[in-house]
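Chain residues, written in single-letter form:
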Amino acid sequence: MRRKERYSGITRGLVLSLTVLSGCGGGGGSGDNAPSGASLNPPATASFIHTELETFRRSPAFVDVTANDTGQAVAMWRHVEGTESTVWANTYDPQSGWTAAQQLSSTGSIFDTRASVDTNGDVAVVWDESADPPRRVMANTVIGGAVGNITALAPSSSDGERVAAGFVGGPMAIVVWTHLDAIAEGGDVLESTEYRLASGWANPVQIPVLTFEEQAAEERPQRDPRFANITALGNGKRLVVWSTDQDLRASLFESDGGWQAPLVIAAADTDEHYLAAGGNDTALVIWIENANNTEYMLKASWFNGTAWEPPATIDTQTGIILSQDGISVAVDPLGNALVVWEHTAPSRVRTIRSVRYREGRWEPPVFLSNGGADPSLAVNKRGDAAAVWIEGNRVVGRGFVASSPSWSEVVAISIASARAEEPEVFLEPDGRAVVVWMDNDGDTLWGTVGEVK
């Protein structure tokens, strides 16, 4: 799931659990292509138990929440003190709940934070740090609950790091970032590294950013990479997707051949894209395409293990779309996908929409809510899902049951007195969804656990 710089001021986080129930109803506009401006039923309210986790003098910021298939997770955030900050994290286990926060960095000028959790629940974290003036990519680990050593992955000017969990029998984590002005005549490159328990962080390697045709050209073009995302596939493979000023492209890593020359996914003017791995070495990328500086389309392409399929437009709404943001995507092991996004129409009416990919095709989009913002989505091995978003000042959510298939009624999640912001969600194996969000009026990190009936 993509994260970006988003928090300012004094905030607090909340964590809760809701259950995705089999046979949930689909009322309240759960599956209808409702007209713009249509109302959904008011959200039901459930009872939750609130537990204080941490208290801050300043805001936690740059929060990144990620989990593995067993429901083990990490919430990583930046603790602000004046002009400087530190990186902290709470880990989560379905059996024991949340741990106390642990400090993972020294004090400095710290920016965007990212985290991954492997199959054993071990954590790798990375962040940007300004070293006056260069930015560096820094990293640390939490192995068996113990904090590791702070490591500089890229000691020179770098930016935009991403980290993903590794794979069974391979590295615990894989990281990608952009190395700024790495070429003598000007130009940026992509670099990647990995972490293994036996040997620690490996030396960075460059990822080719030019296609075979571009490399063979008499005058090589400059295709500076930006906004890279990385994920692990099966059999030791890994996949990086990034954008340039002209297109969206990807490179595949295979253990017997290293990083390959990139393939162009689509000729598109795009900055925002979202990557999710599926089963059998497949992956799905979603992006926002700017057609003519006034119309934006939501598009998708599948990687089938060797090549990228032709892009599909998955927002079928006609007319000019002023903005299309807050996108969340998830793929189950069977190759089914769900996408949830915030859509703003020319009338300025905002809706939360969802679309499902099943049996080789995209189904028509459905409306989940009108007036919502900042959605987040998680899918489990059965294909069941939970989606959460902000409606008014509340976090609300709906569960999706793949066997029906249907969405449940809207349920209010956060406490009524909170001013909630930008929730994140992940699923436990039993279907409970754990949600992390910020309360913009407080300075305490809370854990809230309950069930939605």
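Residues numbered from 1 in each chain as written. Predicted model: local features only at pLDDT ≥ 70, side-chain atom pairs only at ≥ 80, totals over all residues. Heavy atoms only, no water.

## Digging into the overall build of the protein chain
- For the protein chain, the count of helices and strands is 1 helix and 40 strands.
- Evaluated residue by residue, the protein chain yields a buried proportion of 57% over its 453 residues.
- Taking the contacts inside the protein chain whose residues are at least 6 apart along the sequence as the reference set, 49% of them involve residues at least 24 apart.
- Of the roughly 18400 Å² that the protein chain leaves accessible, carbon and sulfur atoms contribute 47%. (Helix = DSSP H or I, 4+ residues; strand = E, 2+ residues; numbered from the N terminus. Buried < 20%, exposed > 50% of the residue type's maximum accessible area, 1.4 Å probe, protein only. Contact = heavy atoms within 4.5 Å. Areas by Shrake-Rupley, 256 points an atom, 1.4 Å probe, with all protein chains shown as cover.)

## With respect to the nonpolar core
- Counting 18 residues, the largest nonpolar core has Leu284, Ile286, Ile314, Ile327, Val339 and Trp362 as its most contacted members.
- Counting residues per element, the ones that place at least two in this core are β24 (273–277), β25 (283–290), β26 (296–303), β28 (323–331), β29 (337–344) and β30 (350–358).
- Beyond its immediate chain neighbours, meaning those up to four positions away, Ile286 contacts Glu272, His273, Tyr274, Leu298, Lys299, Ala300, Ile314, Ile327, Val329, Val339 and Trp362. (Core = buried A, V, L, I, M, F, W, Y, C linked by side-chain atoms within 4.5 Å.)

## Thoughts on the pattern of salt bridges
- Applying the stated criterion across every chain, the model contains 15 salt bridges.
- Notably, a salt bridge pairs Arg350 with Glu342, separated by 3.3 Å at the nearest N-O pair.
- Residue classification places Glu342 among the buried residues on the basis of a relative accessible area of 10%.
- Here the salt bridges share partners, and the residues they tie into one network are Glu214, Arg223, Asp247 and Arg249. (Salt bridge = Lys/Arg side-chain N within 4 Å of Asp/Glu carboxyl O.)

## With respect to the environment of Gly431
- In this structure, Gly431 sits in the loop between β38 (420–427) and β39 (432–439).
- Taking relative accessible area as the criterion, Gly431 reaches 0% and is therefore assigned buried.

## Side note on the sheet that holds strand β27 (residues 312–313)
- With antiparallel pairing, 4 strands are arranged side by side in an open sheet as β24-β25-β26-β27. Both outer strands of the open sheet, β24 and β27, are each paired with one neighbouring strand and no more. (Pairing = 2+ DSSP bridges.)

## A look at the packing of aromatic side chains
- All told, the structure shown has 9 aromatic pairs when counted by the stated rule.
- On the basis of an interplanar angle of 5° and a centroid distance of 6.0 Å, the ring pair of Trp77 and Trp88 is categorised as stacked. One end of the pair, Trp77, is in strand β5 (residues 73–81); the other, Trp88, is in strand β6 (residues 84–93), with 11 residues separating them in the sequence.
- Residue classification places Trp77 among the buried positions, given a relative accessible area of 3%.
- Taken together, the ring pairs connect Tyr92, Trp98 and Phe426 into an aromatic cluster.
- The ring of Phe253 carries the charged tip of Arg238 above its face, separated from the ring centre by 4.1 Å. (Phe/Tyr/Trp six-rings, centres within 6.5 Å; stacked < 30°, edge-to-face > 60°. Lys NZ or Arg CZ within 6 Å of the ring centre and 35° of its normal.)

## Focus: the environment of Asp128
- The topology assignment puts Asp128 in strand β10 (residues 123–130).
- Sequence spacing of Asp128 and Glu161 is 33 residues, and the spatial spacing of their C-alpha atoms is 7.3 Å.
- With residues near it in sequence (within four places) discarded, Asp128 still touches Ser109, Ile110, Phe111, Asp112, Arg135, Arg136, Val137, Asp159, Gly160 and Glu161.

## Structural notes on unusual backbone geometry
- A cis geometry characterises the amide bond from Ser404 onward to Pro405, with omega recorded as -20°.
- Within the secondary structure, Pro405 sits in the loop between β35 (394–401) and β36 (406–407).
- Phi is positive for Asp374, which is not a glycine, with a value near 55°.
- With respect to the helices and strands, Asp374 occurs in strand β33 (residues 372–379).

## A few points about the pairing of β10
- β10 sits mainly inside the fold: 7 of its 8 residues count as buried.
- The pairing of strand β9 (residues 109–117) with β10 spans 7 bridges and is antiparallel. Paired with Ile110 across the bridge in β10 is Glu129.
- Hairpin connection from β9 to β10: 5 residues lie between these consecutive antiparallel strands, with Gly121 at a positive phi of about 85°.

## Some thoughts on the confidence of the model for the protein chain
- Confidence in the prediction for the protein chain averages 79 pLDDT; 78% of positions are at 70 or higher.
- Predicted confidence for residues 1–42 stays below pLDDT 50, and this span has 163 contacts to residues more than four positions away or in other chains. (pLDDT = per-residue confidence, 0-100.)

## Overview of the environment of Thr270
- On the secondary structure map, Thr270 appears in the loop between β23 (263–266) and β24.
- In contact with Thr270, other than residues within four places in its own chain, are Arg226, Ser243, Thr244, Leu248, Trp287 and Ile288.

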